[in-house]
Amino acid sequence: MTYSGTVKVGGRADVHELTDLMISKVAVGPMNNNAYLLRCRATGEQLLIDAANEAGTLLRLIGDDGIASVVTTHRHGDHWQALGEVVAATSARTYAGRYDAEGIPVPTDVLVDDNGTIRVGRVPLTARHLVGHTPGSIALIYDDPHGAPHLFTGDCLFPGGVGNTHKDPEAFASLLHDVETKLFDQLPDETWVYPGHGHDTTLGDERPQLPQWRARGW
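My aim in this report is to walk through the structure given alongside it, one point at a time. Just so it is clear, the structure is predicted and the values come from calculations on it, not from any experiment.

1. Quick word on the environment of Asn-33
And step 1. Structurally, Asn-33 is set in strand 3 (residues 33–40).
And step 2. In this structure the C-alpha to C-alpha distance between Asn-33 and Tyr-3, which are 30 residues apart in sequence, comes to 18 Å.
And step 3. Every residue in contact with Asn-33, bar those within four places of it in the chain, is listed here: Val-26, Ala-27, Val-28, Ala-52, Asp-78, His-79, Gly-196 and His-197.
And step 4. At a separation of 3.0 Å, a polar atom in the side chain of Asn-33 contacts the side chain of Asp-78.

Okay, here's the thing in structure tokens:
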């Protein structure tokens, strides 16, 4: 079936099948968080992005093969409610941005810096440190050698705008700057965007709105 990225809490996962990577998206919890299970097709190794909520749902999605790693995109509590239970069940290595790890109650095994690499099997993911929604949010880029890049943005970029900066002009300016220079300026319009909540988008769909976002201040 064609991947749409449309999921709902209590519903089935939607699976994006790429040549080297399978991406399963599921919605969990009262804040409709997205969690993403990445599976290297060559090795079968799996990585989870944001153990947000509903550990049972996530563990069923993971299945008997387990996960090698779990990445938390940022420190906000709705993105790690199931982290402790998932790690206890899978013994997965934990990753988080260097400047957000202190706000995550489950210990972080690997502190991630800007331009750091996280691997799932043979597939490399590149981290981008984005400041504004939180001090240490990270986005992950899979630069697919067979097609367009795939970008996991946590709560830093959504359809229609950047993440919430709570009416702080400095935080907004920082986040918009990082999103523009580290994402829009470096990746093509075809880049598929997987956000921390809600529907997917592409950089091409969002790029024309950047001046409007800057003018409105959120």
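2. Things to note about the sheet that holds strand 3
And step 1. With mixed pairing, the seven strands of this open sheet are ordered in space as 1-2-3-4-5-6-7. With one partner strand each, in any of the chains shown, strand 1 (14–17) and strand 7 (110–112) form the two edges of the open sheet. In this sheet, neighbouring strand axes are inclined to one another by 20° on average, regardless of whether the strands run parallel or antiparallel.
And step 2. In terms of strand pairing, strand 3 meets strand 4 (residues 46–49) through four bridges, oriented antiparallel. Paired with Arg-39 across the strands is Gln-46, a residue of strand 4.
And step 3. Contacting strand 2 (21–28), strand 3 and strand 4, helix 1 (residues 55–62) runs over the sheet at an angle of about 160° to strand 2.
And step 4. In the packing of helix 2 (residues 83–90) onto the sheet, the strands contacted are strand 4, strand 5 (69–72) and strand 6 (93–97), and the crossing angle to strand 5 comes to about 165°.

3. Focus on the packing of helix 1 against helix 2
And step 1. Remark: helix 1 packs on helix 2, axes separated minimally by 9 Å, with the N-to-C direction vectors making an angle of 40°. Viewed along their axes, helix 1 and helix 2 form a crossing whose handedness is right-handed. Between helix 1 and helix 2, the contacting residues are Ala-55, Leu-58, Leu-59 and Ile-62 on the first element and Glu-85, Val-86, Ala-89 and Thr-90 on the second.
And step 2. Along the lines of polarity and charge, the residues of the contact of helix 1 with helix 2 split into six nonpolar, one polar and one charged.

4. A short note on the sheet that holds strand 11 (residues 150–154)
And step 1. In space, the six strands of this open sheet follow the order 8-9-10-11-14-15, with mixed pairing throughout. Unpaired on one side and paired on the other, strand 8 (117–120) and strand 15 (201–202) mark the two borders of the sheet.
And step 2. Bridge count for strand 11 against strand 14 (residues 192–195) is four bridges, and the pairing is parallel. Each residue of the ladder has a partner; that of Leu-151, found in strand 14, is Val-193.
And step 3. Contacts from helix 3 (residues 169–184) reach strand 9 (123–130), strand 10 (137–142) and strand 11, with the element oriented near 150° to strand 9.

5. Overview of the side chain of Glu-206
And step 1. By the element assignment, Glu-206 lies in helix 4 (residues 203–206).
And step 2. Among buried Asp, Glu, Lys and Arg side chains, Glu-206 stands out as unpaired, with Arg-216 the closest opposite charge at 7.8 Å.
And step 3. Of the polar contacts made by the side chain of Glu-206, one reaches the side chain of Thr-201; its length is 2.6 Å.
And step 4. Leaving out residues up to four positions away in the same chain, Glu-206 has contacts with Phe-158, Pro-159, Gly-160, Gly-161, Phe-184, Thr-201 and Trp-213.

Conventions used here
- Residues numbered from 1 in each chain as written.
- Predicted model: local features only at pLDDT ≥ 70, side-chain atom pairs only at ≥ 80, totals over all residues.
- Heavy atoms only, no water.
- Helix = DSSP H or I, 4+ residues; strand = E, 2+ residues; numbered from the N terminus.
- Contact = heavy atoms within 4.5 Å.
- Polar contact = N/O pair within 3.5 Å; in protein donor to acceptor, adjacent residues only side chain to side chain.
- Pairing = 2+ DSSP bridges.
- Axes fitted to C-alpha atoms, helices over the stretch in contact; angles between N-to-C directions.
- Left-handed = near helix turned anticlockwise from the far one by under 90°.
- Nonpolar A, V, L, I, M, F, W, Y, C, P; charged D, E, K, R; others polar.
- Buried < 20%, exposed > 50% of the residue type's maximum accessible area, 1.4 Å probe, protein only.
- Lys, Arg positive; Asp, Glu negative; His and termini not counted.
- Salt bridge = Lys/Arg side-chain N within 4 Å of Asp/Glu carboxyl O.

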